[in-house]
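As a plain string of letters, each chain reads:
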Amino acid sequence: PAEMEDPIQLKEEGNKYFQASDYEKALQSYTQAIKLNKDKALQAVLYRNRAACFLKKEEYAKAASDASRAIDINASDIKALYRRSQALEKLGKLDQAFKDAQKCATLEPRNKNFQETLRRLGANIQEKLRIQFSTDSRVQKMFEILLDENSDKEKREKAANNLIVLGREEAGAERIFQNNGVNLLLQLIETKNPELILAAVRTLSGMCTGHKARVRTGHTMVTFCNLLLLFCFCVDTKKDLRMITMRLLDMLVSKKVSGQGRDRALNLLNKNIPRKDLKDHDNSRSIFVIDNGLKKILKVVGQIPEMPDCLPLTENTQLTASVLLNKLYDDLRCDPERDNYRLICEEYIKSKIDPQDMDKTLHAVQIVSGVLQGPFDLGNKLLGMKGVMEMMVALCGSEREIDQLVAVEALIHASTKLSRATFIITNGVTLLKEIYKKTKNEKIKIRALVGLCKLGSAGGTDYGLRQFAEGSTEKLAKQCRKWLCNTSIDARTRKWAVEGLSYLTLDADVKDDFVEDEPALKAMFDLAKASDKTILYSVASALVNCTNSYDTKELVPELVQLAKFSKQHVPEEHPKDKKDFVVKRVKRLLKAGVVSALACMVKADSAILTDQSKELIARVFLALCEDPKDRGTIVAQGGGKALIPLAVEGTDVGKIKASHALAKIAAISNPDIAFPGERVYEVVRPLVSLLNTERDGLQNYEALLGLTNFSGRSDKLRLKIVKEKALPDIENYMFENHDQLRQAATECMCNLVVNKEVQERFVADGNDRLKLVVLLCGEDDEKVQVAAAGALAMLTAAQKKLCSKMTQVTTQWLEILQRLCLHDNLEVQHRGLVIAFNLISSDKELAKKLVESELLEILTYVGKQEDHPKKQHVINVARDCLTKCMDYELIKPLSQA
């Protein structure tokens, strides 16, 4: 076959070989022909024939692929459809094979062969389902192979892969479960063989999808927890859910459960117990947990890691439990429910207070501390309980390090400007100062200092309300930065240094010094990336302060005068909080690598990443995206990807801030780089959410720029924008009085009209879409004109109906068109002439109308101009218009002047 160059001859030759059952040679002929052929119809036949060869050679995947290529060229190619159906059946993809056979039977209803195939496939599918339910024997077989040390490597690998695949299907997961699979999987993990461990972990994680049970390979911590999860989605009934909830609550206080297991149980409760939506009135799950497990959660927050009898914990366990306490409390609907919650807490704490037993008392204070980090108002009430304050004072005065540690941390959590416990405000500072002076222990010193910072920062960003004497705030901050950089101090203690800075950075001098100190910034970012997530909120707060991305109250000058006159306090702005200082700080943070730290923080798969923390991170991102020059860096370090989850869930403010940051990136970046793959489609909704009259003009504008950029990329993106119901909003902005908004919206529409579905909306009756675009072509604003004329040129080229419709929507259409065709701006003029050409081409009557108007003079004037490289495209279109009119015999050919 090598000598032949003619695809048709090669095809004939292939057919001969095929009939002689020499499939290898037939295959070569068809392949050669495919390479040489240029004709689409023949290509389909060649692919279809090659598919037949592959079927004969039992290479079914290749057969299906070739048949699909033939079907892509001609969707109703019955031979190709039937061959694909045969190949898919052999590959075990029965449902897809059934669909193809169904198409064949629809195209040729009388063909007995197709009817027979359908019947057979239908029966096979039923059979396959039956076998799936008798997978039990297979599951048992797989485990036998895996657990038998003598079975050969290949067999083992195959069994492991089959198991993983089974675990991903709901029915399969259920089978593994019913066959004592859980214990068998744990046995696999205990073999210590890395490959078997990986197979088991992957199977488990497949079985647990639907919930993000992230299973870290190699850990033997894959305990009961993951499998409970599986239950969670195999059962829906209340009784089972309660049973699972009880098991999770038991895990919280079981000595046998590892720290990671406890975290996972807490995260599950955090995700699945409180209502997702407060409009839903049923909070029975939370009530059930409070009645049956509140004391267990309190036991977890009351643990003291330094004590010998402590439960196994990770650095995240106790804060995750505090977050759960908060979510449960927030989920309550009325005062009696809240009172019941409080009484359970009070009883439990009372049972721990024992002046004779210091260790027991420590737990009581630690519980109050844990509640203060959850539902703060409730924690405040517990501080007022008889005996609690006395205990705290006693612990502060104790000689034991652990007593002081617990008492100081409790004082810190209790001290905030919301604090109603005047005791803390009046005595907290004194107690903390005494401990600070007295202690030789660095750990306690740092914590005491943080308490002082916190009590001292109650003035917020107000420069005038400085609790500390001038300069001492900066001294404190310097000390915190020193501790932060000192890696010989344990991480839990260094975390408190960040906590201190999160208060002190409300002071502008401190912010400035902090961002100048690159080692301190890097040390904070390293802590933020570590597995300990309890630091997230402090880091985010410090960054919000450094970037001034908190909400500021606008000061009305008249009111300031009035306040001064009546001797009231006026909040003052620190000179270093002015814009140019903030810009410098942002640059410093970017240079130190803030984006990768934030991206890592967003990934925390933990309840500790609360909606409040997400909002803070979104605020920081928005501040970082302010300067277009920095946005490339932000994208390169993973900022684009990190913003998507922040824009999708969280507080309303957080979602808006993150969406706005996404809009800033989308407005000027290449979307394929900023949001690679499918991710770009997830960005459309956040952008569309900003096209809302409640959002401010800048948000509307940047969202429109982002959508314009996206809509110029691909039709799939244009479709997504339409599906998100953005068109009406974009049209509203085309009416806007504001020039830039009107221009951005018109440019966006100019890109969108390439899409068929958008064109249909212009063709449809009963709307002013087309009229609006025609009138915008008559605007004085050149940029609007370019975009509107571009949209109109596209529309009239794509849809003939719109050519006649254009002449009916407004009486000014002709005047507007003539002005476009005479425009000084070549871009506008070119688009105008293309519209004229489209109108002339669409219909002879319409062409006649145009020839009888002044437009003929304009066309003749433009068309007769000398050739000119800069204007050539414009001149050519005018000449095309005239040629068309000659073809209609509406005008005589130009004399060759």
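The protein chain appears in an unreviewed UniProt entry as Protein unc-45 homolog B from Serinus canaria.

Asks: Got a minute to help me understand the confidence of the model for the protein chain in this structure?
Replies: Reading predicted coordinates in detail is not appropriate for stretches of low pLDDT. Scored by pLDDT, the protein chain has a mean of 86; 88% of the residues are at 70 or more. Below pLDDT 50 for its whole length, residues 210-237 participates in 67 contacts with residues either more than four positions away or in separate chains. This stretch, residues 458-470, has a pLDDT under 50; its non-local contacts, to residues over four places away or in other chains, come to 30 contacts.

Asks: Where do I start with the nonpolar core in this structure?
Replies: Soluble globular proteins tend to pack their nonpolar side chains together in the buried interior. One finds Tyr341, Leu484, Phe621, Leu624, Phe675 and Phe710 to be the most contacted residues of the largest nonpolar core, which totals 212 residues. Not counting chain neighbours up to four residues away, the residues in contact with Tyr341 comprise Ile290, Leu294, Leu325, Leu328, Tyr329, Leu332, Pro375 and Leu378. Counting 32 residues, the second largest nonpolar core, distinct from the first, contains Tyr60, Ala64, Ala101 and Cys104.

Asks: Please clarify how the UniProt feature "repeat: TPR" (unreviewed entry) in the protein chain should be interpreted in this entry.
Replies: Feature annotation in UniProt assigns "repeat: TPR" (unreviewed entry) to the following positions: residues 7-40 and 78-111. From the first C-alpha to the last, residues 7-40 spans 12 Å; its make-up is 82% helix and 0% strand. From the first C-alpha to the last, residues 78-111 spans 11 Å; its make-up is 79% helix and 0% strand.

Asks: Would you mind going over the packing of helix α29 (residues 536-546) against helix α32 (residues 594-602) with me for this structure?
Replies: Packed helices, taken two at a time, are described by the angle their axes make and the gap between the axes. As a packed pair, α29 and α32 sit with axes 11 Å apart at the nearest point and diverge in direction by 140°. Where α29 crosses over α32, the handedness of that crossing is left-handed. Judged by residue contacts, Leu536, Val539, Ala540 and Leu543 of α29 engage Val594, Leu598 and Met601 from α32. For the contact of α29 with α32, a count of residues per class yields seven nonpolar, no polar and no charged.

Asks: So what exactly am I meant to see when it comes to the packing of aromatic side chains here?
Replies: Two aromatic rings are characterised by how far apart their centres lie and by the angle between their planes. Applying the stated criterion across every chain, the model contains four aromatic pairs. On the numbers, 5.3 Å between centres and 50° between planes, the contact of Tyr82 with Phe114 is tilted. In this pair, Tyr82 is assigned in helix α5 (residues 78-90) and Phe114 in helix α7 (residues 112-133), connecting sequence segments 32 residues apart. Considering the side-chain rings of Phe675 and Phe710, the 6.2 Å spacing of their centres and the 80° angle between planes classify their relative orientation as edge-to-face. You can see Phe675 sitting in the loop between α37 (671-674) and α38 (679-689) and its partner Phe710 sitting in helix α39 (residues 697-711), a full 35 residues away along the chain. For Phe710, a relative accessible area of 0% gives the class buried. The ring centre of Tyr436 lies 4.7 Å from the NZ or CZ of Lys445, which sits over that ring. Taking NZ or CZ as reference, Lys584 lies 5.4 Å from the ring centre of Phe581, over its face.

Cut-offs used in this document
- The numbers attached to residues start from 1 for each chain and follow its sequence in the written order.
- For this predicted model, a pLDDT threshold of at least 70 governs which residues receive local features, and a threshold of 80 or more governs which side-chain atom pairs are given and counted, while totals over whole chains, interfaces and linings are taken from all residues.
- Each side-chain value is derived from all of the structure's non-hydrogen atoms; neither hydrogens nor water enter the calculation.
- Per residue, pLDDT measures the predictor's confidence, with a range of 0 to 100.
- Working rule for contacts: check all heavy atoms of both residues, and any pair within 4.5 Å makes them a contact.
- Remark: nonpolar core denotes a set of buried residues (Ala, Val, Leu, Ile, Met, Phe, Trp, Tyr, Cys) joined through side-chain atoms within 4.5 Å.
- Burial classification: accessible surface area is computed with a 1.4 Å probe over protein chains only, and a residue below 20% of its type maximum counts as buried, one above 50% as exposed, and the rest as partly exposed.
- UniProt positions are given in the numbering used here, feature names are shortened, and annotations may be inferred rather than shown by experiment.
- Helix and strand assignments follow DSSP, with helices taken as H or I runs no shorter than four residues and strands as E runs no shorter than two, numbered in order from the N terminus.
- Only the stretch in contact is used when a helix axis is fitted, and all axes are lines through C-alpha atoms; the angle between N-to-C directions ranges over 0 to 180 degrees.
- A crossing counts as left-handed when the near helix is turned anticlockwise from the far one by less than a right angle, and as right-handed when that turn is clockwise.
- Residues are sorted three ways: Asp, Glu, Lys and Arg are charged, Ala, Val, Leu, Ile, Met, Phe, Trp, Tyr, Cys and Pro are nonpolar, and all the rest, Gly among them, are polar.
- Think of it this way: a Phe, Tyr or Trp ring, Trp meaning its six-membered ring, pairs with another when their centres are within 6.5 Å, and the plane angle makes it stacked under 30 degrees, edge-to-face over 60, tilted otherwise.
- Charge-over-ring placement is defined geometrically: NZ (Lys) or CZ (Arg) within 6 Å of the ring centre, and within 35 degrees of the ring normal.

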